[in-house]
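Chain and residue survey
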Amino acid sequence: MDSIRVFAPATVANVACGFDIFGLAVDNPGDEVILTRRNDNKIVIREITGDAGKLTIDETRNAVSVPVIKYLAHLGLQTGFDIVLHKKMALGSGLGSSSASSVAGVFAANKLLGEPLSTDKLLPFAMEGERVACGSAHADNVAPALLGGFVVIRSYAPLDVFKVPVPDNLYVSLIHPDVEVNTKDARHILKNEVSMNKAISQMGNVSGMIAGLMSSDYALIGRSMVDFIIEPIRSILIPSFFEVKMAATEAGALGCSISGAGPSVFAFSEGRETAEKVAAAMKTAFEQVNIQATTYVSTINQAGPKILE
Ligand code: HSE
């Protein structure tokens, strides 16, 4: 096999109370990467579509190629690839756009080379894509995009990541308003210190979220979807955020918060029917302030990246 086409999914990072430690994958949207072997050892980005010309084709600075370069260097392989990247979601969307590209790229390279590493071992290379995209190698988008499911990053040094089982009927409503939030900026506005009271409240919710997911206790999941630390600061970057959140809960959502660094917003619901209503209610709330938005409804995607024919 000389060429491969791979899809990697969008992700919801933080999942309300788990800043930089919780993330989940959705079914769509997601990015596609086509990798083709070259006869030399160059990594060449041949084409990028769907990015409105914003991404560089400099292979040393693009989130799709850097993980591939780091991966090849780790294995000591002198192999070259042509890369085509089809972006299916906006940059700065809060949907884990750069992570989907990073994961698709390194997953494709590993498959083409006959899987010298198991999929979970690709995580540190995918994280390097996050570093070039936003200056911080956090894993809460790349880990669920790579492994699928709901993922916890228990520790960064050493890296310790695990998946949490989720209830079958848990649905994600995701809305991307037509507003751009730069992840680097959205990280810079955060405070470096947290009060003891907020830390205690947040730890309660982190514990409640994990227990709720593992025991299919939907009400406990909902009660745990309160972010005392990040959402109060970042919500100012999202027009009508609190109206959108209220619309989601009035439509039956278990809870609602910012997806990643925003501006996308996500909600959890029990059942697809409620999740569809929640997505529609959030869209209406954005439209009331003349912001167009795209919605997605999905279960939590357990598969992660997949090879496309
Ligand atoms: N945990 C990250 C953040 C996710 O909220 O900044 C965005 O990439």
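A brief report on the enclosed structure follows. (Residues numbered from 1 in each chain as written. Predicted model: local features only at pLDDT ≥ 70, side-chain atom pairs only at ≥ 80, totals over all residues. Heavy atoms only, no water.)

A few words now on the site of the ligand. Ala13, Asn14, Phe19, Asp20, His138, Asp140, Asn141, Thr183, Arg187, Arg234, Gly260 and Ala261 make up every residue found near the ligand. A distance of 2.5 Å is found between a nitrogen atom of the ligand and a side-chain nitrogen or oxygen belonging to Asp20. Between the ligand and the protein, one listed contact pairs an oxygen atom with a side-chain N or O atom of Arg187 at 2.6 Å. Contact with the protein chains covers 96% of the free accessible surface of the ligand, which is 260 Å². Shared between two domains, the shell around the ligand holds at least three residues of each, these being domain 1 (3-164 + 302-308) and domain 2 (170-299). (Near = heavy atom within 4 Å. Polar contact = N/O pair within 3.5 Å; in protein donor to acceptor, adjacent residues only side chain to side chain. Areas by Shrake-Rupley, 256 points an atom, 1.4 Å probe, with all protein chains shown as cover. Domains from an automatic or database assignment.)

With that settled, consider the pairing of strand S3 (residues 43-49). Pairing geometry for S3 and strand S4 (residues 80-86), over six bridges, is parallel. Directly across from Ile43, in S4, lies its bridge partner Phe81. The β-α-β motif built from S3, the intervening helix H1 (residues 65-75) and the parallel element S4 has left-handed crossover chirality. (Pairing = 2+ DSSP bridges. Helix = DSSP H or I, 4+ residues; strand = E, 2+ residues; numbered from the N terminus. Right-handed = clockwise from strand over helix to strand, strands pointing away.)

Quick look at helix H10 (residues 272-287) now. For an α-helix, the turn length of 3.6 residues means that residues three or four places apart are oriented alike. The terminal C-alpha atoms of H10, which comprises 16 residues, lie 22 Å apart, in line with the 22 Å expected from a rise of 1.5 Å per residue. All of the buried residues along H10 are Ala275, Val278, Ala279, Ala281, Met282, Ala285 and Phe286. When H10 is viewed along its axis, its buried side chains cluster within an angular range of 165 degrees and face the same direction. (Expected span 1.5 Å × (residues − 1). Buried < 20%, exposed > 50% of the residue type's maximum accessible area, 1.4 Å probe, protein only. Arc of directions from axis to C-beta.)

Turning next to the pattern of salt bridges. Summed over the entire model, instances satisfying the criterion amount to 17 salt bridges. Of the charged contacts, one joins Arg5 and Glu32 as a salt bridge, the two residues approaching to 2.7 Å between their closest N and O atoms. Placement of the pair is Arg5 in strand S1 (residues 3-13) and Glu32 in strand S2 (residues 22-38), with a sequence separation of 27 residues. The exposure class assigned to Arg5 is partly exposed, which follows from its relative accessible area of 30%. Close ionic contact of Arg38 with Asp40 constitutes a salt bridge, the shortest N to O distance being 2.8 Å. (Salt bridge = Lys/Arg side-chain N within 4 Å of Asp/Glu carboxyl O.)

Right, let's get into the sheet that holds strand S7 (residues 170-177). Taken together, four strands build an open sheet; the order of strands is S8-S9-S7-S10 and the sheet is antiparallel. A strand with exactly one partner marks an edge of an open sheet, and here the two such strands are strand S8 (255-258) and strand S10 (293-299). Between one strand axis and the next, the sheet turns by 20 degrees as a mean value, whatever way the strands run. When S8 meets strand S9 (residues 265-270), the two strands line up antiparallel, connected through four bridges. Each residue of the ladder has a partner; that of Ser257, found in S9, is Phe266. H10 rests against S7, S8, S9 and S10 of the sheet, and its axis sits at about 15 degrees to S7. (Axes fitted to C-alpha atoms, helices over the stretch in contact; angles between N-to-C directions. Contact = heavy atoms within 4.5 Å.)

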